[in-house]
Amino acid sequence: MKITIVGTGYVGLVTGTCLSEVGNDVLCLDTDPRKIAILKAGGVTIHEPGLEPLIRRNEAAGRLRFTTDVAAAVSHGRIQFIAVGTPPDEDGSADLQYVLAAARNIGRLMNESKIVIDKSTVPVGTADKVRAAVQDELDQRGAKFDFSVVSNPEFLKEGAAVDDFMKPDRIVVGAEDEHAIATLRALYAPFQRSHERLLVMDVRSAELTKYAANAMLATRISFMNELANLAERLGADIEHVRQGIGSDPRIGYHFLYPGCGYGGSCFPKDVQALQRTSQEHGLELQILEAVEAANERQKQRLVEKVVARLGPDLHGRHFALWGLAFKPNTDDMREAPSRVILNALAQRGATITAYDPVAMDEARRVFPDAPWLKYADSPLHAVDGADALVIATEWQEFRSPDFERLAALLGQRLIFDGRNLYDPVQVKAAGIEYHAIGRRV
């Protein structure tokens, strides 16, 4: 199939690349010439394991191309995926200006029937706005072409997006047009050879499904963080509690890991957008208000532990920070707990040396003028000369350190672990004082 992807951000680039991998002819459009130049030169604009070789292979085969030419992009694909950003407005609602601009471009330039697919995470009712935008442009031209608008939300985890797309657990399609549904069944057939994973529903239900999924996952995280804080007060161990409740098949183990809060481009934005949508319809989602508030508090939890142990004045104190990205296997620092931790430590007078396997360039962009922040080329180099180690991201390479070496390098022999990576008994045996989230030490 000939497919156009509007937007080469995280969702668009993964979607276009994976669709080309199974033989489709894909043209990716972006209005940012810098991005397109990097992609045409064989580079990658995001860090995602496994994505770069797929891009190179499909570019070489001629199945994947990149352009800034809007007219060429609209002309190319019978299927037009809209995968542009929906950043939060000041009131927390999703900003649809880029989605609707893409829709208008399609309506202004289309010269045959199209299937327009909302791949971006958008509020309920967006498909109606997209349909109206396309139709308005057609009316202004006096043109009559058939088109369908479909909701096909993405469920990609940063750090595992290629696997998620190639081996999906579900494919949600919101549509009423039988031709569009049949087309998407054919499009996604290579990704569901073993059994049917495509769920067809009405458009509004599909739009709500994406927000509901992220809100549920965020709720589980905040709930466990609240329980972990309570466990500390009660003298319980949240790891034992996690195993005890996760073994119940009605609950399961997924997203039951307490820590220093969630971040990224999805959970914070989508929780806020769903709250805003509910408010616009006269409802208050009190659970989500609590989820968001709990998460913002949790991002301060490690700093509270540092202050409780070392005092509020951190002038002269030097910390090592392991992890800058909001989660492993990505360089994304949007809403990352590390940002809150770094700023809070610096405001109290501390200096920090940070290490992250892939996110240090992004950190230099986020903190362009920060004399209190330096970067190391390895975890142990970051620790050398530090009073204490703070862990904000659960990268694999942090999971089995040489504790005796850490004890020798740390001035105060202190670890503040925001991801509960270690067995407290093992850390204590190395002579290191260990402060985790909800663990009994």
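Residues numbered from 1 in each chain as written. Predicted model: local features only at pLDDT ≥ 70, side-chain atom pairs only at ≥ 80, totals over all residues. Heavy atoms only, no water.

## Looking at the sheet that holds strand β14 (residues 433–435)
The condition that has to hold: Two strands pair under a simple rule: DSSP has to find at least two bridges between them. The numbering of helices and of strands both runs from the N terminus, where a helix is a DSSP run of H or I of at least 4 residues and a strand a run of E of at least 2. A fitted line through C-alpha atoms serves as each axis, taken over the contacting stretch for helices, and the angle formed by two N-to-C directions is quoted from 0 to 180°. We call two residues in contact whenever any of their non-hydrogen atoms come within 4.5 Å of each other.
Strand order in this open sheet of 6 strands is β11-β10-β9-β12-β13-β14, and the pairing throughout is parallel. Edge positions in the sheet fall to β11 (373–375) and β14, since each has one partner strand and no second. If you compare each strand with its neighbour and ignore which way they point, the axes differ by 20° on average. By the bridge criterion, 3 bridges tie strand β13 (residues 414–417) to β14 in an arrangement that is parallel. The partner of Phe 416 across the bridge, within β14, is His 435. Contacts from helix α14 (residues 337–347) reach β9 (318–322), β10 (351–355), β11 and β12 (388–391) within the one sheet, and its direction differs from that of β9 by about 175°.

## Let's talk about the pairing of strand β5 (residues 114–118)
Our working definition: The classification of residues rests on relative accessible area computed with a 1.4 Å probe and restricted to protein chains. Under 20% of the type maximum is buried, over 50% is exposed, and intermediate values are partly exposed. Here the term right-handed applies to a crossover when the path leading from its first strand over the helix to its second strand runs clockwise, the strands being oriented away from the viewer.
Among the 5 residues in β5, 5 count as buried, and that is most of the element. With burial as the criterion, each face of β5 is covered, one bearing Lys 114, Val 116 and Asp 118 and the other bearing Ile 115 and Ile 117. A crossover connection joins strand β4 (residues 79–82) to the parallel β5 through helix α5 (residues 97–109); in handedness this β-α-β unit is right-handed. In this structure, β5 lies alongside strand β6 (residues 147–151), joined through 5 bridges in parallel fashion. Across the sheet, Lys 114 pairs through a bridge with Phe 147, a residue of β6.

## Description of the packing of aromatic side chains
What counts, and what does not: Aromatic pairing here means that ring centres of Phe, Tyr or Trp (its six-membered ring) are within 6.5 Å. Orientation follows from the plane angle: under 30 degrees is stacked, over 60 is edge-to-face, and everything else is tilted. A positively charged side chain is recorded as over a ring if its NZ (Lys) or CZ (Arg) lies within 6 Å of the ring centre. The angle to the ring normal must also be within 35 degrees.
Taken as a whole, this structure holds 10 aromatic pairs when the rule is applied. Centroid distance Phe 255 to Phe 267: 6.2 Å. Interplanar angle 45°. Geometry classified as tilted. Of the two residues, Phe 255 sits in the loop between α10 (238–246) and α11 (267–280) while Phe 267 sits in helix α11, which places them 12 residues apart along the sequence. Taking relative accessible area as the criterion, Phe 255 reaches 30% and is therefore assigned partly exposed. The class for Phe 267 is buried, based on a relative accessible area of 13%. Taking 6.1 Å as the distance between ring centres and 45° as the angle between the ring planes, the aromatic pair formed by Tyr 422 and Tyr 434 counts as tilted. One end of the pair, Tyr 422, is in the loop between β13 and α18 (424–429); the other, Tyr 434, is in strand β14, with 12 residues separating them in the sequence. Under the relative-accessibility criterion, Tyr 422 is labelled buried at 4%. For Tyr 434, a relative accessible area of 3% puts it in the buried group. Its guanidinium or amino end placed over the ring of Phe 155, Arg 170 lies 3.8 Å from that ring's centre, counting from NZ or CZ.

## Let's talk about the state of the cysteines
As a reminder of what qualifies: Only a pair of cysteine sulfur atoms within 2.5 Å counts as a disulfide in this structure description.
Taken as a whole and assessed by the stated rule, the structure comprises 0 disulfides. With no disulfide of its own, Cys 18 has Cys 28 as its nearest cysteine by sulfur position, at a separation of 11 Å.

## So, the nonpolar core
This is how it is decided: Take the buried Ala, Val, Leu, Ile, Met, Phe, Trp, Tyr and Cys residues and link them wherever side-chain atoms come within 4.5 Å; each set so joined is a nonpolar core.
Counting 65 residues, the largest nonpolar core has Phe 319, Leu 321, Trp 322, Leu 324, Ile 415 and Tyr 422 as its most contacted members. With residues up to four places along the chain from it excluded, the contact list for Ile 415 reads Leu 389, Ile 391, Leu 406, Leu 410, Val 427, Ile 432, Glu 433, Tyr 434 and His 435. Formed by 38 residues, the second largest nonpolar core is a distinct cluster that contains Cys 18, Val 26, Phe 81 and Leu 184.

## Re the pattern of salt bridges
The cut-off we apply is this: Within this document, salt bridges are pairs made up of a side-chain nitrogen of Lys or Arg and a carboxyl oxygen of Asp or Glu, the two lying within 4 Å of each other.
Tallied over the entire structure, the rule returns 30 salt bridges. A salt bridge links Lys 305 to Glu 232; its shortest N-O distance comes to 2.8 Å. Highlighted residues: Lys 305 in helix α13 (residues 301–310) and Glu 232 in helix α9 (residues 203–234), separated in sequence by 73 residues. For Glu 232, a relative accessible area of 25% puts it in the partly exposed group. A salt bridge links Arg 334 to Asp 332, with the shortest nitrogen-to-oxygen separation between them at 2.8 Å. Judged by its relative accessible area of 43%, Arg 334 falls in the partly exposed class. Overall, the relative accessible area of 7% leaves Asp 332 in the buried class. Look at the salt bridges and you will find they share partners, linking Glu 232, Arg 301, Glu 304 and Lys 305 into a network.

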